[in-house]
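# Descriptive analysis of the structure
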Amino acid sequence: MSERFARGRSAEVFRIDDRKVMKLFFEDYPREYAEKEFRNTKIASDLGCTPMRVYEMVEKDGRCGFIMDYIDGVSQNDMPSKNPAYLLKGGKDLARCHVRVQSKQSPELEDIRTMCADLLKDETMSFLSEEEKRRAENYLLSLPEENTVLHLDFHTGNVLVDRTGNCFVIDWMTAARGNRAVEEAMMEFLFSEAELFPEAGKLQKAFFAAVRGYIGKQFFKEYQKLTPLSSDETDRYRLPALIIRRSWNIDFEKPYLTGTIRELIRKYGIL
């Protein structure tokens, strides 16, 4: 195994050879989450949502992980430093990639409705009263069952661009199935309220926020051109998107998420 060449919040990636890498999760990372990402990535690969195949689960030095294909590409986050002109098309590329993923259907992925209903029991949802949880659960389970593939962490850091300009999606742990409006509600959050590089200074964050806003405008304009979706429909599916995000327990995002989730329960919750 070669030296580590990538590191994220939950795992490190090591090169094995020219074709394969090993994603190794940190010691305190739950094995069930690693297994879920392995299963989800296999489903996504079989559907053609990503060319990245997974091969087997592994254990090394008390850490679990899996073997997968090496994708020779650069994240969209890093593309502007290599080619500044990419900023003029990055959002459009992201939207087209997004539409390709959403064109796939899978009954095998976890149902977003029951996933979120279960999350209401999580400690991250303790800010809700029992009545609010009950109303939220009733609403979630009243939504129609749908099988559209949802990535739910679809951002420029999780999209790789290869040498020919093709885009590929990675990191499928959060994938589920449901109405595509859930994903669009999540995208609105990611392009406006999500935490931006916590280690960055004020000026850097201001710059990143401006770039994010610019890419977001490109993204939504292209997405609406390709597959229009009304703001009312997106709003109806905002609650499951924000429940998913709140379960990540990111301090910076807590005030916005807790307040907005409560507002949505008051608006849509069913007694």
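To start, this report covers the structure provided alongside it. Keep in mind the model is a prediction, meaning the values are calculated, not measured.

### Quick word on the state of the cysteines
- All told, the structure shown has 0 disulfides when counted by the stated rule.
- For the unlinked cysteine Cys-49, the closest cysteine sulfur is that of Cys-97, found at 9.2 Å.

### Considerations on the packing of helix α5 (residues 130–142) against helix α10 (residues 254–268)
- It is at 9 Å that the axes of α5 and α10 come closest, and there the two elements cross at 65°. By the criterion of interaxial angle, the relationship of α5 to α10 is roughly perpendicular. For the crossing formed where α5 meets α10, the hand is left-handed. Residues Glu-132, Arg-135, Ala-136 and Tyr-139 of α5 form the contact with α10, whose own contacting residues are Arg-262, Ile-265, Arg-266 and Tyr-268.
- Considered class by class, the residues forming the contact of α5 with α10 number 4 nonpolar, no polar and 4 charged.

### Examining the sheet that holds strand β6 (residues 74–75)
- Overall, antiparallel pairing links the 3 strands, which are arranged β6-β8-β9 in an open sheet. This sheet does not close on itself; its edge strands, each paired only once, are β6 and β9 (167–169).
- One ladder, built from 2 bridges, connects β6 with strand β8 (residues 159–161); its direction is antiparallel. Residue pairing for β8: Ser-75 is matched across the bridge by Leu-160.
- Along the sheet, helix α3 (residues 90–102) makes contact with β8 and β9, crossing β9 at roughly 55°.

### Considering helix α7 (residues 202–226)
- Spanning 25 residues, α7 covers 36 Å between terminal C-alpha atoms, matching the ideal 36 Å at 1.5 Å per step.
- If you check which residues of α7 are buried, you get Arg-212, Ile-215, Gly-216, Gln-218, Phe-219, Glu-222 and Tyr-223.
- Where α7 is buried, its residues contact α3 and α6 (180–190).

### Describing the sheet that holds strand β1 (residues 4–7)
- Pairing within the open sheet is antiparallel, and its 5 strands lie in the order β1-β2-β3-β5-β4. Taken across any chain shown, the strands that pair with only one partner, and hence form the sheet edges, are β1 and β4 (54–60). Put simply, the sheet's adjacent strands are angled 25° from each other on average, direction ignored.
- Relative to strand β3 (residues 20–25), strand β2 (residues 11–15) runs antiparallel, the two being bridged by 5 bridges. In the sheet register, Ala-11 faces β3, and the bridge partner there is Phe-25.

Reading the values: the criteria
- Residues numbered from 1 in each chain as written.
- Predicted model: local features only at pLDDT ≥ 70, side-chain atom pairs only at ≥ 80, totals over all residues.
- Heavy atoms only, no water.
- Disulfide = S-S within 2.5 Å.
- Axes fitted to C-alpha atoms, helices over the stretch in contact; angles between N-to-C directions.
- Helix = DSSP H or I, 4+ residues; strand = E, 2+ residues; numbered from the N terminus.
- Parallel < 35°, antiparallel > 145°, perpendicular 65-115°, else oblique.
- Left-handed = near helix turned anticlockwise from the far one by under 90°.
- Contact = heavy atoms within 4.5 Å.
- Nonpolar A, V, L, I, M, F, W, Y, C, P; charged D, E, K, R; others polar.
- Pairing = 2+ DSSP bridges.
- Expected span 1.5 Å × (residues − 1).
- Buried < 20%, exposed > 50% of the residue type's maximum accessible area, 1.4 Å probe, protein only.

Purely geometric numbers; function is a separate question.
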